[in-house]
Amino acid sequence: MTQYITPDLCDAYPELVQVVEPMFNNYGGIESFGGEIVTVKCYEDNSKVKELVEQNGKGKVMVIDGGASMRKALMGDMIAEKAAKNGWEGAIIYGCIRDVDAIMQTDLGVQALATVPLKTDKRGLGDINVNVKFGGVEFIPGHYVYADNNGVIVSPEALSMPE
């Protein structure tokens, strides 16, 4: 698994990267991750997140726009475990997670705004692979996102760590 260091990527590719405003906490068992963006736009309903983790996520990062809701968790331990099992590199969640102790032990990168113990409603609402915008950056499916303890950055193309 590649270790991404966002400050080094920013230094090596200043013309390509955009930096997401600082707001995320690192909760996953993998602290440094990156890959192709796959988006989910949903609000207090993680039905589409649950659908997406069933797919092969090798080389991909799920970017979940939960509208910054602090009331319900968009990812818990079962969804995180399924994502890890299906090869997802990680998830960036503009919202909350729950089961944080279990997620910290999961082989998945997870960054979110906060934790809350309440699960979402399941109404089948949401959109997959639409452009989403938060933190001053637009996340476009097919572009790339990289995250570590320093922050989150996006790029229109895949980046490699400088020598």
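Residues numbered from 1 in each chain as written. Predicted model: local features only at pLDDT ≥ 70, side-chain atom pairs only at ≥ 80, totals over all residues. Heavy atoms only, no water.

> Teacher, can you tell me more about the side chain of Lys72 here?
Following the sequence through the fold, Lys72 ends up in the loop between strand S4 (60–65) and strand S5 (73–75). A residue is classified by how much of its surface remains accessible, and Lys72, at 16% relative accessible area, is buried. A polar contact of 3.2 Å, which involves the side chain of Lys72, links it to the side chain of Asp121. In this structure Lys72 touches Glu44, Cys96, Val116, Leu118, Lys119, Thr120 and Asp121, once residues within four positions along its chain are discounted. (Helix = DSSP H or I, 4+ residues; strand = E, 2+ residues; numbered from the N terminus. Buried < 20%, exposed > 50% of the residue type's maximum accessible area, 1.4 Å probe, protein only. Polar contact = N/O pair within 3.5 Å; in protein donor to acceptor, adjacent residues only side chain to side chain. Contact = heavy atoms within 4.5 Å.)

> Explanation requested: helix H3 (residues 77–85) in the structure shown.
For an α-helix, the turn length of 3.6 residues means that residues three or four places apart are oriented alike. Within H3 the residues assigned to the buried category are Ile79, Ala80 and Ala83. The arc that holds every buried residue of H3, seen down its axis, measures 100°, which confines them to one face. In H3, the exposed positions that point more than 90 degrees away from the buried face belong to Met78 and Lys85. In this structure, the buried side of H3 is in contact with helix H2 (47–52), S5 and helix H4 (100–103). (Arc of directions from axis to C-beta.)

> Before we go on, may I ask you to explain the pairing of strand S6 (residues 90–97) in this structure?
The side chains of a regular strand alternate between both faces of the sheet. Of all eight residues in S6, eight are buried; the element is thus mostly enclosed. Strand direction decides the pairing type here: S4 and S6, joined by five bridges, are parallel. Looking at the pairing, Met62 lines up with Ala91 of S6. As paired elements, S5 and S6 share two bridges and run parallel to each other. Residue Ala73 lies in a different strand from S6, and its bridge partner there is Cys96. Pairing analysis gives six bridges linking S6 to strand S7 (residues 109–115), with the strands arranged parallel. The partner of Cys96 across the bridge, within S7, is Ala114. (Pairing = 2+ DSSP bridges.)

> Which parts of the structure should I look at to understand the packing of aromatic side chains?
How two aromatic rings sit relative to each other is set out by the distance from centre to centre and by the angle between their planes. On inspection of all chains with the given rule, the structure shows four aromatic pairs. Taken together, a centroid distance of 4.4 Å and an interplanar angle of 5° make the contact between Tyr94 and Phe134 stacked. On the criterion of sequence distance, the pair formed by Tyr94 in strand S6 and Phe134 in strand S9 (residues 132–134) is long-range, its members being 40 residues apart. Comparing Tyr94 with Phe134, the two get one shared label, buried. The rings of Phe24, Tyr94, Phe134 and Phe139 are connected pair by pair, giving a single aromatic cluster. (Phe/Tyr/Trp six-rings, centres within 6.5 Å; stacked < 30°, edge-to-face > 60°.)

> How should I be thinking about the nonpolar core in this particular structure?
Looking at soluble globular proteins, one finds that nonpolar side chains tend to be buried together. Met62, Ile64, Met75, Ile93, Ile97 and Val110 are the most contacted members of the largest nonpolar core, which has 22 residues in total. For this core, the elements supplying multiple residues, two or more each, are strand S3 (33–41), H2, S4, S5, H3, S6 and S7. With sequence-adjacent residues up to four places away left out, Ile64 is seen in contact with Val40, Cys42, Val49, Leu74, Ile92, Ile93, Tyr94 and Phe134. The next biggest cluster of nonpolar side chains, apart from the first, holds 18 residues, and it includes Phe33, Tyr94, Val132 and Phe134. (Core = buried A, V, L, I, M, F, W, Y, C linked by side-chain atoms within 4.5 Å.)

> Hey, could you run me through the pairing of S3 in this one?
Of all nine residues that make up S3, seven are buried, and the element is covered over most of its length. As paired elements, S3 and strand S11 (residues 144–148) share four bridges and run antiparallel to each other. Its bridge partner being in S11, Phe33 is matched across the sheet by Ala147. Across six bridges, S3 lies against S4 in parallel orientation. Note that in S4 the partner of Ile37 across the bridge is Val61. Note that the unit made of S3, H2 and S4 has a crossover that is right-handed. For S3 and strand S8 (residues 127–128), the ladder comprises two bridges, and the chain directions are antiparallel. Bridge assignment links Lys41 to a residue of S8, and that residue is Asp127. (Right-handed = clockwise from strand over helix to strand, strands pointing away.)

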